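Chain residues, written in single-letter form:
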Amino acid sequence: MKDKIYIFDTTLRDGEQSPGCSMNTQEKLKMARQLEALNVDVIEAGFPMASEGDFEAVKEVAKTIKGCTIAALSRATTADIDRAFEALQYAAKPRIHVFIATSDIHLKHKLKKTRQQVLEQSVNTVAYAKKLSSDVEFSCEDASRSDIDYLCQVIEAVINAGATVVNLPDTVGYSIPQDYGFMIKTIRERVKNIDKTILSVHCHNDLGLAVGNSIAAVMNGARQVECTVNGIGERAGNASLEEFVMALRTRPDVLPYQVDVKTEEIFKSSRLLSTMTGMMVQRNKAIVGANAFSHEAGIHQDGIIKSRMTYEIMTPDSVGIKHSTLVLGKHSGRHALRQRFEELGYTLTPEELDNVYTEFTRLADKKKEILDEDLIAILNNKFDSDETKYMLSSLQVMTGTGVKSTAVLELNDGKEAYVDSATGDGPVDAAYNAIERITKLNGQLVDYTIKSVTWGGDAVGEVFVKVIFNKVVFTGHAASTDIVTGSVEAYLQAVNRALSAKIPRSADENLIKNQANAV
Ligand code: KIV
Ligand code: ZN
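### A word on the coordination of the zinc ion (ligand 2)
With distances of 2.0 to 2.1 Å, the protein atoms coordinating the zinc ion (ligand 2) are D14 (OD), H202 (NE2) and H204 (NE2). Assessed through its relative accessible area of 4%, H204 is described here as buried.

### Here's the deal with the sheet that holds strand 15 (residues 461-469)
The three strands lie next to each other as 14-15-16, forming an open sheet whose pairing is antiparallel. Looking at which strands have only one partner, the edges of the open sheet turn out to be strand 14 (443-452) and strand 16 (472-480). Each strand of the sheet is rotated relative to its neighbour by a mean of 15 degrees, with strand direction disregarded. Both strand 14 and strand 15 contribute to a ladder of nine bridges, which runs antiparallel. Among the inter-strand pairings, D447 is bridged to a residue of strand 15, identified as K466. Those strands touched by helix 11 (residues 266-277) are strand 14, strand 15 and strand 16, and its axis lies near 50 degrees from that of strand 15.

### Some thoughts on the packing of helix 3 (residues 52-64) against helix 4 (residues 78-88)
Put simply, helix 3 and helix 4 touch, their axes get as near as 7 Å, and they point 40 degrees apart. It follows from the interaxial angle that helix 3 and helix 4 lie oblique. Residues E52, F55, V58, K59 and A62 of helix 3 form the contact with helix 4, whose participating residues are R83, E86, A87 and L88. Considering only residue class, the contact of helix 3 with helix 4 consists of five nonpolar, no polar and four charged.

### Here we look at the domain arrangement of the chain
Assigned domains within the chain: domain 1 (3-277), domain 2 (294-379) and domain 3 (391-500). Across the boundary between the two partners, domain 2 contributes eight residues, which contact ten residues of domain 3. Here domain 2 and domain 3 share an interface that buries about 720 Å² over both sides, 66% of which is from carbon and sulfur atoms. Summed over the three residues of domain 2 that lose the most area to domain 3, namely K366, K367 and A377, the buried surface amounts to 51% of that side. At the boundary of domain 2 with domain 3, the tally comes to zero salt bridges. Joining domain 2 to domain 3, the criterion identifies zero residue pairs in polar contact (both at pLDDT 80 or more). Elements represented by at least two residues in the side of domain 2 that touches domain 3 include exactly helix 14 (350-366) and helix 15 (372-381). With three residues, helix 15 is the single largest residue contributor to the side of domain 2 that touches domain 3.

### So, the sheet that holds strand 2 (residues 6-9)
Spatially, eight strands are ordered 2-3-4-5-6-7-8-9 in a closed barrel, and the strand pairing comes out parallel. Looking at each pair of strands side by side, their axes are set apart by 25 degrees on average, direction ignored. Of the pairings in the sheet, the one linking strand 5 (residues 94-101) to strand 6 (residues 136-141) comprises six bridges and is parallel in character. When the sheet's bridge partners are listed, I96 is paired in strand 6 with V136. In this fold helix 8 (residues 177-190) packs onto strand 7 (165-170) and strand 8 (198-203), with an angle of close to 160 degrees to the strand it touches most, strand 8.

### Concerning the environment of D195
Residue placement: D195 occurs in the loop between helix 8 and strand 8. Between the C-alpha atom of D195 and that of A210, which follows or precedes it by 15 residues, the distance is 25 Å.

Definitions and cut-offs
- Residues numbered from 1 in each chain as written.
- Chains lettered and ligands numbered in written order.
- Predicted model: local features only at pLDDT ≥ 70, side-chain atom pairs only at ≥ 80, totals over all residues.
- Heavy atoms only, no water.
- Donors = N, O, S within 2.8 Å, 3.2 Å for Na, K, Ca; no water.
- Buried < 20%, exposed > 50% of the residue type's maximum accessible area, 1.4 Å probe, protein only.
- Pairing = 2+ DSSP bridges.
- Helix = DSSP H or I, 4+ residues; strand = E, 2+ residues; numbered from the N terminus.
- Axes fitted to C-alpha atoms, helices over the stretch in contact; angles between N-to-C directions.
- Contact = heavy atoms within 4.5 Å.
- Parallel < 35°, antiparallel > 145°, perpendicular 65-115°, else oblique.
- Nonpolar A, V, L, I, M, F, W, Y, C, P; charged D, E, K, R; others polar.
- Domains from an automatic or database assignment.
- Buried area = accessible area lost by both parts, 1.4 Å probe.
- Salt bridge = Lys/Arg side-chain N within 4 Å of Asp/Glu carboxyl O.
- Polar contact = N/O pair within 3.5 Å; in protein donor to acceptor, adjacent residues only side chain to side chain.

This is the structure in structure tokens:
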């Protein structure tokens with residue numbers, strides 16, 4: 001029987017803590033459900049001591065997801081461990097993940113502790129965590145730059161204290177595969193009680209070697225790999241889940257290991273994450289990039305037509321990229337729409353189908369053929385119903401060169417209509433100023449990205465925004481054939497999220513910074 005490699009997904013913790021990737025609790029929950037569908041073994045849901053929001057998210061994920069182990073990160077202190085377990089207590093399979101640095105660089109400059117002190121702290125906190133949870137993971141932060149003798153000493157001691165998993169991160173992405181593999185081999189040979197634990201690896205991608213290092217580690221005895229969807233994470237990111245898993249699936253001749261990930265869920269997971277965070281994957285990204293399965297060169301196209309094996313080492317189907325069997329357009333009905341979504345792997349409730357169908361018909365009036373990318377954009381575009389407060393009823397903009405742009409817009413909250421107008425530097429700015437005047441929510445736009453989902457003059461554009469309301473960042477996303485409308489809807493989603501998070505509105509009309517811009 002093949003050795004199993006456990007997939008520990010840290011998209012919601014290491015991934016989420018990287019700039020531009022923050023998610024609110026509802027988004028984390030949505031992503032956690034998708035990770036469960038992807039069938040990862042462990043979901044690291046957050047770092048409860050880091051913030052109230054992280055605590056809530058771990059708690060909600062622990063309550064909801066029953067098919068995976070749920071891990072929560074904790075520094076090696078009893079206060080952190082208590083907080084982690086408080087959030088994890090509802091999990092069917094909880095894991096407390098305790099970490100402390102073991103490299104001399106970190107001990108001297110960051111912790112200001114001796115090796116002996118860190119050793120004792122590690123043992124004491126693992127023993128403490130073990131009283132709360134039978135599953136305890138211990139991470140030696142900066143393991144790859146730690147002294148190997150000391151590392152072996154710490155590992156042996158924490159296993160004796162009850163660690164069920166010992167993780168050896170390449171925290172700063174400094175390793176190369178040969179060294180990292182050798183470190184794992186040495187630990188396996190020298191630590192007497194190593195068979196009582198699962199050895200885990202966690203690689204950062206600063207030199208672009210995170211997946212290569214993880215593979216080298218597995219070839220030398222590691223049996224858990226920590227990774228993230230789309231490789232998001234601190235700095236250059238973490239090992240990409242999809243790249244690691246597909247390497248194992250594609251090369252069983254040299255990597256004869258079992259992974260239980262449902263690879264057909266990979267594309268959906270990638271797409272959901274990038275839509276929610278606005279962190280797009282580059283076109284040429286392995287496995288999930290837009291070009292990963294497209295063949296441009298004539299010789300390649302000719303080969304592919306004759307046999308896909310000529311230039312494809314894995315099929316798009318195997319990662320959940322489906323080819324259309326029918327083209328949808330304005331004459332397509334609900335049945336065809338539901339069928340197409342099912343082919344794409346989305347089962348819609350009757351209510352979701354109603355919502356999506358309305359948007360689909362609107363789009364079909366503007367665009368001749370609706371492609372799969374459009375459908376996914378529409379689906380991910382829907383407001384979460386509990387968040388929706390304001391919706392766009394109508395928008396009119398006047399813009400040009402050498403004139404100030406003006407926007408007149410009407411919003412409704414399901415009961416009342418609100419009309420206002422404002423000027424701005426360009427139509428989008430003017431519309432945002434008008435929204436601010438209506439909602440009395442003072443926002444600072446910190447990120448604005450626009451990307452075309454398909455091609456051609458009638459292509460759907462996807463807009464992502466990040467807006468700070470009262471020091472808290474909210475994201476918004478929308479898709480439309482009209483980029484100003486898309487921009488307004490994306491901003492409104494951020495506004496609605498801020499309102500459902502109870503961000504206070506400005507009581508003083510004069511505080512609305514764009515008051516002076518009123519038309
Ligand atoms: O990179 C790292 O060392 C980590 C640990 C906290 C596991 O993320
Ligand atoms: Zn990390």
